[in-house]
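# Inside the fold
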Amino acid sequence: MSKITDSARNEDCQVRIPFGCNFNPETTVWAHPNKPGKPKGGKLPDELGAYACSNCHGIYDRQLPIPPESHMTRPDVENAFWEGHARSYIILKRKGLV
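In this text the structure is predicted, and so the values were computed from the model without any measurement.

Across its 22 residues, helix α3 (residues 74-95) extends 31 Å between first and last C-alpha, which sits within 8% of the 32 Å expected from 1.5 Å per residue. Within α3, burial applies to V77, A80, F81, G84, H85, S88, I91 and L92. Down the axis of α3, the buried set is contained in an arc of 150°. They therefore lie on one face. Seen from the open side of α3, the exposed residues pointing more than 90 degrees away from its buried face are P75 and K93. Where α3 is buried, its residues meet α1 (3-6), β1 (29-31), β2 (50-52) and α2 (54-60). The first or second residue beyond α3 is G96, which carries a positive phi of 75°.

Listed below in structure tokens is the structure:
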């Protein structure tokens with residue numbers, strides 16, 4: 001694990017998918033962005049990720065369905081991830097990790 005992935009422990013979720021986020025810092029992980037055509041198991045650099053709770057991470061990675069109450073589309077979920085990335089990057093800068 002890198003210092004960035006380790007830094008997710010007990011952080012607040014920054015992806016915050018409506019009706020999906022569990023707001024439980026104990027479930028937060030460093031989520032990597034999805035990239036079309038990436039090799040199975042391949043990940044993009046840590047610096048491109050976001051702090052995500054287990055639910056938001058599962059929704060983003062398509063392991064959980066998008067909550068119907070959210071009225072979100074797949075592109076909306078992608079945008080939520082990248083907004084979470086921006087918030088997460090600021091936290092990483094404050095921690096001196098980027």
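So that's the structure; there's more coming.
Moving on, we come to the pattern of salt bridges. Evaluation of the coordinates by the stated rule reveals 1 salt bridge. As a salt-bridge pair, K95 and E11 come within 2.6 Å of each other at their nearest N and O atoms. In this pair, K95 sits in helix α3 while E11 sits in the loop between α1 and β1, placing the two residues 84 residues apart along the sequence. Overall, the relative accessible area of 36% leaves K95 in the partly exposed class.

With that settled, the discussion passes to the side chain of H32. Here H32 is to be found in the loop between β1 and β2. Owing to a relative accessible area of 10%, H32 belongs among the buried residues under this scheme. Reaching out from H32, the side chain makes a polar contact with the side chain of D46 at a distance of 2.5 Å. Sequence-distant contacts of H32, that is, excluding residues within four places in its chain, are made with T5, K43, L44, P45, D46, G49, Y60 and F81.

Estimates place the volume of the largest pocket at around 250 Å³. Along the walls of the largest pocket sit 15 residues, with M1, T5, A8, V29 and W30 positioned nearest its centre. Elements with a minimum of two residues in the lining of the largest pocket: α1 and β1. A breakdown of the residues in the lining of the largest pocket according to their chemical character gives 5 nonpolar, 6 polar and 4 charged.

This paragraph deals with the side chain of T28. Its place among the elements puts T28 in the loop between α1 and β1. A relative accessible area of 7% places T28 in the buried class. Of the polar contacts made by the side chain of T28, one reaches the backbone oxygen of E11; its length is 2.7 Å. When neighbours within four sequence positions are excluded, T28 is seen to be in contact with A8, E11, D12, C13, Y51, A52 and C53.

If you look at soluble globular proteins, the nonpolar side chains tend to sit buried side by side. Counting 15 residues, the largest nonpolar core has C13, V15, I17, C56, V77 and F81 as the members making the most contacts within it. Secondary structure elements with two or more residues in this core: β2, α2 and α3. By size, the runner-up hydrophobic cluster in this structure holds 6 residues, among which are I4, A8, W30 and Y51.

Conventions we followed
- Residue numbers run consecutively from 1 along every chain, following the written order of its sequence.
- For a predicted model such as this one, the threshold for reporting local features is a pLDDT of at least 70, and the threshold for listing and counting side-chain atom pairs is 80 or more; totals across whole chains, interfaces and linings nevertheless cover every residue.
- Each side-chain value is derived from all of the structure's non-hydrogen atoms; neither hydrogens nor water enter the calculation.
- By definition, any uninterrupted DSSP run of H or I lasting at least four residues is a helix, any uninterrupted run of E lasting at least two residues is a strand, and each is numbered from the N terminus.
- Given a helix with a known number of residues, its expected span is that number minus one, times 1.5 Å.
- Three exposure classes are used, based on accessible area relative to the maximum for each residue type with a 1.4 Å probe and protein chains only: buried under 20%, partly exposed in between, and exposed over 50%.
- It is the directions from the helix axis to the C-beta atoms that the arc portrays.
- Contacts between residues were defined by any pair of non-hydrogen atoms, one from each residue, lying within 4.5 Å.
- Take a side-chain nitrogen of Lys or Arg and a carboxyl oxygen of Asp or Glu: if they are within 4 Å of each other, that pair is a salt bridge.
- Throughout this description, a polar contact denotes any pair of N or O atoms lying within 3.5 Å of each other; where both atoms belong to protein, one of them has to be capable of donating a hydrogen while the other can accept it, and for residues adjacent in sequence the pair is counted only when both atoms sit in side chains.
- Cavities and pockets are defined on a 1 Å grid built over the protein atoms alone: a cavity is a set of grid points where a 1.4 Å probe fits but cannot escape, while a pocket is an open set with protein on both sides within 12 Å along at least five of seven lines, and lining residues are those with an atom within 4 Å of any such point.
- Grid points are joined across faces, edges and corners, and a volume is the space filled by probe spheres set on the points.
- The classification used treats Ala, Val, Leu, Ile, Met, Phe, Trp, Tyr, Cys and Pro as nonpolar, Asp, Glu, Lys and Arg as charged, and all other residues, Gly among them, as polar.
- In this text, buried Ala, Val, Leu, Ile, Met, Phe, Trp, Tyr and Cys residues form a nonpolar core when linked through side-chain atoms within 4.5 Å.

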